[in-house]
Amino acid sequence: MESPESRKNASNDGSEGPDKASTERLDFIRTIVAEDNRTGKWDSRVHTRFPPEPNGYLHIGHAKSICLNFGIAAEFGGKCNLRFDDTNPSKEEQEYVDSIIEDVRWLGWDWKDRLYFASDYFQQMHDYAVQLIKAGKAYVCDLTAEETRQYRGTLTRPGKDSPYRNRSVEENLDLFERMRKGEFPDGSRTLRAKIDMAHANLNMRDPVMYRILHESHHRTGDAWCIYPMYDWAHGIEDSIERITHSICTLEFENHRPLYDWFLDALGAYHPQQIEFARLNLTYTVMSKRKLLRLVQDKHVSGWDDPRMPTLCGLRRRGYSPAAIRNFCKVIGVNKFNSTVDIALLEHCLREDLNRTAPRVMAVLKPLKLIIDNYPEGQIEELDAINNPEDASAGTRKVPFGRKLYIEQEDFMEEPPKKFFRLAPGREVRLRYAYFVTCTDVVKDPAGNVVEIHCTYDPATRGGDAPDGRKVKSTLHWVSAARSLPAEVRLYDGLSTKENPEDTEEGQDFTANLNPESLQVITGCRVEPALADTKPLDRFQFERLGYFCTDPDTQTEGRLIFNRTVGLRDTWAKIQQSQK
RNA sequence: UGGGGAAUAGUGUAACGGCAGCACAAAUGACUCUGGAUCAUUUAGUCUAGGUUCGAAUCCUAGUUCCCCAGCCA
């Protein structure tokens, strides 16, 4: 069976990005970029960057930022760098670097040779710091963390100057050099910018530029024991890379004056910082902290648990990169907080999978169906269409026989109104096969239906009646003899609440965890075409939903499928409204 | 309580002084060898109060509500 995986990689250089530039309805960031291009502000260059800190796994919220940055570069003929903001060795690990690279690439973006690390700029940052000290705009401060906090003042009260604020340039130079050499213990001194302790913006009250941290860095090892703070480092990183538009999330709005102050003080190349609102999704927890909690407290099996909103989780769930990219496009970008309906993500998913996923038949809860007038031992290979939305996907053979399995839900002994499927005396179509009519029902002592008997009409081979008669329903099925056993894992939202934080006093989001978010179904049967499926292959199980092959299939040597998302189910809605 | 942001159908977004539009969701119908897909239709909105204007979602004034900031995190 062919993998539905699209191998087509999108490029962010030139015009062959995944999404064609659209001239209409630009969001506010693209409006700025387009205007800058028009006026030649950056010599008509467009250069963005995606700057993750390697301290966790990427999630769907990051995808919004990734698609924004890489997307803008692609649409405007610019470039986008992948840059790790690895300025805090106590939190960062190579494992995260690797996963982030894998995830951004999987999403379909390409940074060519522009993979950068903030840690590569440590020397330059240090030299810039010396420049600021010499200019009298930075000083070494001996206040403890606690004292620094007290000196900073409050939201409504100004801070007061550090007693070390007016050290001479020579003393600052000497102290900073000794900080770098490792003469002082962690936390004993900092290098701070000399700005204004009475500034209404707390970030401007002599912010810390460097802290002492005798800690080994995942890339620079023990070369440094002073590490730059975000505000000091980030603008320099952008400046060095000649970024034009430095796009970040809303909480950095308060930091923009500082971003600008540092770059102005250095007289360095100065990109424009633009802030946008991060993504929130209904029924979904999104913060790194909470996702880490889910993993550590074993509420999920790991970062790539198919219920997780991480990119590796979504990948394992069966999401396609194209679906996520399109989602990021349709949600738009703005400056106010909003929460996107998870149904929109699922819509984008179905839209893509409907076009691309090969159809196949699988029965999750098998009910034996015996065709009494079908020859014992006979097997027919019937033609089935692989994808009605894509003629080039072709057809395949599906084995048919006297004993079949159908879905338990597709039979009711006493069908209610609007139930169109099989019932005693009723005729339905078995997809791509024959019309069958239910003649008998076999029950176990407890009264459960365990087997049903039918007769078939040989004239309806392939699924069409020569006399033109209609049936109300078409059922999926598999051959009892030739189908394969499988396990299927059904997923539901991790949270039962639209807002996972909607809790009673004293509780947190874990109180809303959905105990039924994972349902494992064993004893499923799938058609033999699935015998050679590879991890992450995506399919539509006809009438059920989209599924993908779980990687456990390979390690455990048996077929295991994840339900990516169900088909739209109008019958379920009818049932709901009948209650 | 200081500073910085922001408010458009249920949700997400357009309209940049000139007919409030699109998508999702919801509902109805058509079609269908997937109760899928597709197609058509419907419901539903400018935070409030004033003002400017022939005309205001858009400009002005006042208010309301929400978000962010007191890490040697990013």
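Note that the structure is predicted; figures quoted are calculated from it, not measured.

Caption draft 1: Fine view of helix 9 (residues 288-296). Every buried residue belonging to helix 9 is among Lys-290, Leu-291, Leu-294 and Val-295, and all of these are buried. One side of helix 9 holds all its buried residues, which, seen down the axis, span an arc of 145°. Turned more than 90 degrees away from the buried face of helix 9, the exposed residues are Arg-289 and Gln-296. One or two steps after helix 9, the chain reaches Lys-298, where phi turns positive at roughly 60°.

Caption draft 2: Region of interest: the sheet that holds strand 12 (residues 359-360). Strand order in the open sheet formed by 7 strands is 12-25-26-27-23-24-13, and the pairing between neighbours is mixed. Two strands lie at the open edges of the sheet, namely strand 12 and strand 13 (362-363), each paired on one side alone. Sheet topology places strand 12 next to strand 25 (residues 538-541); 2 bridges connect them, and they run parallel. Across the sheet, the residue bridging to Val-360 is Phe-541, located in strand 25. Seen against the sheet, helix 12 (residues 342-356) touches strand 12, strand 25, strand 26 (545-549) and strand 27 (560-566) and runs at an angle of roughly 115° to strand 27.

Caption draft 3: Expanded view of the nonpolar core. Counting 39 residues, the largest nonpolar core has Ile-60, Ile-66, Val-104, Leu-107, Ile-324 and Phe-327 as its most contacted members. For this core, the secondary structure elements donating two or more residues are helix 2 (60-75), strand 2 (79-84), helix 3 (94-106), helix 10 (311-317), helix 11 (321-330) and helix 12. Sort the elements by how many residues they give to this core and helix 2 lands first, with 6 residues. Those residues within four positions of Leu-107 in sequence are excluded, and the remaining contacts are Ala-63, Ile-66, Cys-67, Leu-311, Pro-321, Ile-324 and Arg-325. Listed in part, the 36 residues of the second largest apolar core include Met-125, Phe-176, Met-204 and Trp-232.

Caption draft 4: Looking closely at the domain arrangement of chain A. Each assigned domain of chain A is listed here: domain 1 (4-117 + 235-350), domain 2 (122-230) and domain 3 (362-476). Spacing between the C-alpha centres of domain 1 and domain 3 amounts to 48 Å.

Caption draft 5: View of the pattern of salt bridges. Considering all chains together, one arrives at 48 salt bridges under this definition. One salt bridge connects Arg-256 with Glu-275, and the closest N-O pair in it is separated by 2.6 Å. A residue pair is termed long-range when its members are at least 10 positions apart, and Arg-256 in helix 8 (residues 256-266) and Glu-275 in strand 9 (residues 272-276) qualify at 19 residues. Of the residues examined, Glu-275 reaches a relative accessible area of 2% and is grouped as buried. Residues joined by salt bridges that share partners form a network here, namely Asp-304, Arg-316, Glu-487, Arg-489, Asp-550, Asp-552, Glu-556 and Arg-558.

Caption draft 6: Unusual backbone geometry, seen in detail. Phi is positive for Ser-44, close to 60°, though the residue is something other than glycine. Here Ser-44 lies in the loop between helix 1 (28-39) and strand 1 (47-50). Residue Ser-44 is classed as partly exposed on the basis of its relative accessible area, which comes to 45%. One non-glycine residue with positive phi stands out, namely Asp-206, at about 45°.

Rules used throughout
Residues numbered from 1 in each chain as written. Chains lettered and ligands numbered in written order. Predicted model: local features only at pLDDT ≥ 70, side-chain atom pairs only at ≥ 80, totals over all residues. Heavy atoms only, no water. Buried < 20%, exposed > 50% of the residue type's maximum accessible area, 1.4 Å probe, protein only. Helix = DSSP H or I, 4+ residues; strand = E, 2+ residues; numbered from the N terminus. Arc of directions from axis to C-beta. Pairing = 2+ DSSP bridges. Contact = heavy atoms within 4.5 Å. Axes fitted to C-alpha atoms, helices over the stretch in contact; angles between N-to-C directions. Core = buried A, V, L, I, M, F, W, Y, C linked by side-chain atoms within 4.5 Å. Domains from an automatic or database assignment. Salt bridge = Lys/Arg side-chain N within 4 Å of Asp/Glu carboxyl O.

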